[in-house]
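What follows is the residue order along each chain.
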Amino acid sequence: MIWRRKKRIKQEPWISEEDRLAVIEKSSKQVSRGVFFATIIIITSFLPVFMLTGQEGKLFHPLAFTKTFIMIVDAILVLTLAPVLISFFLKGKFRPENSNPVNRFLERLYEPVIRRVLRWRKTTLAINIIALLVSIPLIRSLGSEFMPPLDEQSILFMPVTLPDISNGEIKRILQVQDKIIMSVPEVDKVLGKAGRASSATDNSPISMIETIIMLKPKSEWRDGITKADIVNELDKKLQIPGVVNGWTQPIINRINMLATGIRTDVGIKVYGQSLDSIAAVSERVKAALEGTPGVTDLYVEPITGGKYLTINVRRADMARYGLNVDDVNQTVETALGGAPVSQTVEGRQRFAISVRLAQEYRNSVEQVRRIPLVSPGFGEVPLSAVADVAFEDGPPMITSENAILRGAVMFNVRDRDLGGTVEEAMAKINQQAGILPQGYFLEWSGQYENLIRGKRTLMLIAPIVLLIIFFSLYFAFKSLREAFFSLISIPFALIGGAYIIFFWGINLSVAVAVGFIALFGIAVETGIVMVIYLNDSMNQLIQLKGNSRETITRKDLEEYVVRGAAKRLRPKLMTVCTTLFGLVPILWATGVGTDVMKPIVLPVIGGVITSATHILLVTPLIFLMTKEYELRKHGKIEVYDAAH
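Residues numbered from 1 in each chain as written. Predicted model: local features only at pLDDT ≥ 70, side-chain atom pairs only at ≥ 80, totals over all residues. Heavy atoms only, no water.

## Quick word on unusual backbone geometry
Here's step 1: A positive phi angle is found at N402, which is not glycine, with a value near 55°.
Here's step 2: Here N402 shows up in the loop between strand 13 (400-401) and strand 14 (404-413).
Here's step 3: Residue N402 is classed as exposed on the basis of its relative accessible area of 71%.
Here's step 4: The backbone of D415 shows a phi angle near 65°, a positive value even though the residue is not glycine.
Here's step 5: Tracing the sequence through the fold places D415 in the loop between strand 14 and helix 14 (418-431).
Here's step 6: Residue D415 is classed as exposed on the basis of its relative accessible area, which comes to 74%. (Helix = DSSP H or I, 4+ residues; strand = E, 2+ residues; numbered from the N terminus. Buried < 20%, exposed > 50% of the residue type's maximum accessible area, 1.4 Å probe, protein only.)

Structure below.
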């Protein structure tokens with residue numbers, strides 16, 4: 001006899017097409033409204049980035065526009081395309097959520113933790129509040145800068161020497177410097193230039209040298225050496241008497257000079273009516289700043305010290321020789337400057353031919369004094385017979401802004417944050433008495449000017465953005481309490497951002513502020529999803545037991561809060577994990593631009609971790625405490641219905 005075992009056929013849950021579409025519609029209404037407003041909040045949080053101007057605006061506007069356009073399309077697709085795609089692809093057999101092994105594993109870890117948190121309420125709240133309070137002094141202890149320095153993989157050496165230096169001497173110094181620079185193993189190429197190029201836009205004096213230093217790939221550098229070490233080594237080797245060294249990078253130097261007129265990190269502009277007084281004030285400012293930690297390459301922009309060859313005619317002597325002023329001026333102009341005598345044609349180009357005395361006949365004051373003049377009655381007479389020829393001191397270059405004469409004291413900042421260095425420098429100058437005479441004033445410029453402008457913009461618009469986010473949450477939930485639940489995740493997101501930038505050693509900058517702005521939207525989005533599911537769980541409790549203190553116990557509230565917090569735990573964690581998995585690789589990235597990206601990414605990574613912890617653990621606790629308060633005071637609980 002053959003026994004055949006009957007197979008037990010398991011009936012999979014089956015619903016009709018009409019019921020399936022009804023479930024999809026209800027679920028879409030439950031989630032899409034919150035996700036839509038979360039997307040609007042992310043867009044709103046980037047308003048401060050759009051308000052940035054100048055260099056920081058040019059850098060971050062593309063990021064803000066790209067993210068905004070993506071979020072707008074995402075908000076539209078959440079309301080329109082997503083439900084349609086779900087109706088097309090979500091067919092066949094349906095399995096309960098707890099049948100997924102990932103969900104079971106996550107809930108097995110999460111449920112004991114949330115129950116313990118709900119039991120130890122005061123301890124949980126105290127830990128979060130203490131962590132938040134500790135982050136405040138951490139933030140205040142951080143340094144500040146305008147933008148994190150971008151490694152251009154090259155160095156610009158800009159020394160300044162005396163204004164009256166000769167062409168031969170500046171050429172010799174340039175050659176000596178290039179030879180010393182090439183002695184450093186990490187240097188690949190050196191190109192130096194003294195004076196200005198053949199351009200009307202380059203007003204560099206002959207006393208200013210620009211040397212571009214190209215470095216070898218980092219794989220060929222000595223072990224353990226950094227770019228800062230290379231700069232320090234070069235600075236020690238290039239200590240030449242009469243030369244003040246200056247170190248920067250080619251691109252940022254051009255940006256600074258075009259934007260602020262200052263070629264160093266920080267410049268103190270001295271305004272007044274007299275060049276001599278401006279020079280005296282600048283020297284007093286320099287003396288006050290000497291020895292300030294972080295201040296390097298300190299020097300005063302030359303206001304005096306230029307040499308001018310003056311020829312003052314003696315009219316009585318000219319009359320004795322039968323000459324006039326025009327005769328002397330024309331002879332001097334031709335002998336020293338040259339006079340056009342003809343023109344040469346080379347293809348379609350034409351060049352004037354000028355004639356003047358050879359170099360050996362005009363390269364000293366004595367030679368100039370011997371320039372011959374033709375007298376009608378005495379023949380040739382030297383220029384010294386009718387004029388006094390001598391060098392006089394004067395300004396090498398006159399600079400003015402807003403119709404006011406200007407000088408400048410310039411310095412770079414190394415081994416310290418920009419904001420802290422400038423604040424200490426300001427305090428030193430303010431402590432010095434008698435630096436500024438009446439009618440003269442100072443203005444801080446350079447990167448510090450950009451720092452103040454960016455900080456002022458962010459401080460002005462940030463409170464407005466938080467207010468807009470709060471009202472967006474209110475319109476999403478139609479409840480001030482629910483809006484508060486989602487908004488409170490923002491300060492707790494700042495905890496992780498503050499801790500990670502503190503331990504990473506990052507200074508506060510516009511890039512860090514943009515990172516925190518991006519964090520706001522992510523934190524609020526996860527908080528909205530949590531509040532939606534907690535309210536959905538409360539709706540289930542009301543449908544089961546009614547909405548009254550006689551039928552609902554504290555144990556029921558706690559049980560359904562745990563159920564609502566654990567519900568859809570996987571998508572909540574996916575929001576966090578996708579952000580982390582997308583940003584963490586940047587921390588180990590190398591190459592040009594990564595030193596600017598890391599300050600943006602770090603606050604997001606740290607803030608996502610702490611905000612997720614707060615939303616998963618503290619938000620359910622606060623939600624439970626408010627529902628218990630409502631039940632105790634009003635005899636019922638208020639529930640937000642996401643479907644309406």
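There is more to say, and it comes next.
## Some remarks on the confidence of the model for the chain
Predicted coordinates in areas of low pLDDT are best not read in detail.
Here's step 1: Predicted confidence across the chain gives a mean pLDDT of 81, with 94% of residues reaching 70 or more.
Here's step 2: Across residues 1-12, where pLDDT falls below 50, the model places one contact with residues more than four positions away in sequence or in other chains. (pLDDT = per-residue confidence, 0-100. Contact = heavy atoms within 4.5 Å.)

## Details of the sheet that holds strand 4 (residues 247-248)
Here's step 1: As summarised here, the arrangement of the four strands in space is 2-3-1-4, forming an open sheet in which the pairing is antiparallel. Each edge of the open sheet is held by one strand with a lone partner, namely strand 2 (187-194) and strand 4.
Here's step 2: Inspection of the sheet shows strand 1 (residues 154-157) paired to strand 3 (residues 209-215) by four bridges, in the antiparallel sense. Pairing of L156 across the sheet is with I212, part of strand 3. (Pairing = 2+ DSSP bridges.)

## Some points on the packing of aromatic side chains
Between two aromatic rings, the relevant description is the distance of the centres plus the angle of the planes.
Here's step 1: For the structure on display, the rule yields nine aromatic pairs.
Here's step 2: Measuring from centroid to centroid gives 4.8 Å for F50 and F65, while their planes differ by 75°, and the two rings are edge-to-face. Of this pair, F50 sits in helix 2 (residues 47-51) while F65 sits in helix 3 (residues 54-79), and the two are 15 residues apart along the sequence.
Here's step 3: Each ring, one from Y271 and one from F441, has its centre 4.9 Å from the other, and the planes form 15°; the classification is stacked. Highlighted residues: Y271 in strand 5 (residues 266-272) and F441 in strand 15 (residues 441-446), separated in sequence by 170 residues. (Phe/Tyr/Trp six-rings, centres within 6.5 Å; stacked < 30°, edge-to-face > 60°.)

## Quick look at the pattern of salt bridges
Here's step 1: Following the criterion strictly, the structure yields 23 salt bridges and no others.
Here's step 2: Notably, a salt bridge pairs K269 with E401, separated by 3.1 Å at the nearest N-O pair. One end of the pair, K269, is in strand 5; the other, E401, is in strand 13, with 132 residues separating them in the sequence.
Here's step 3: The class for K269 is buried, based on a relative accessible area of 4%.
Here's step 4: Salt-bridge contacts for R320 lead to D317; the nearest nitrogen and oxygen are separated by 2.6 Å. Placement of the pair is R320 and D317 together in helix 11 (residues 315-320), with a separation of three residues, close to one helical turn. (Salt bridge = Lys/Arg side-chain N within 4 Å of Asp/Glu carboxyl O.)

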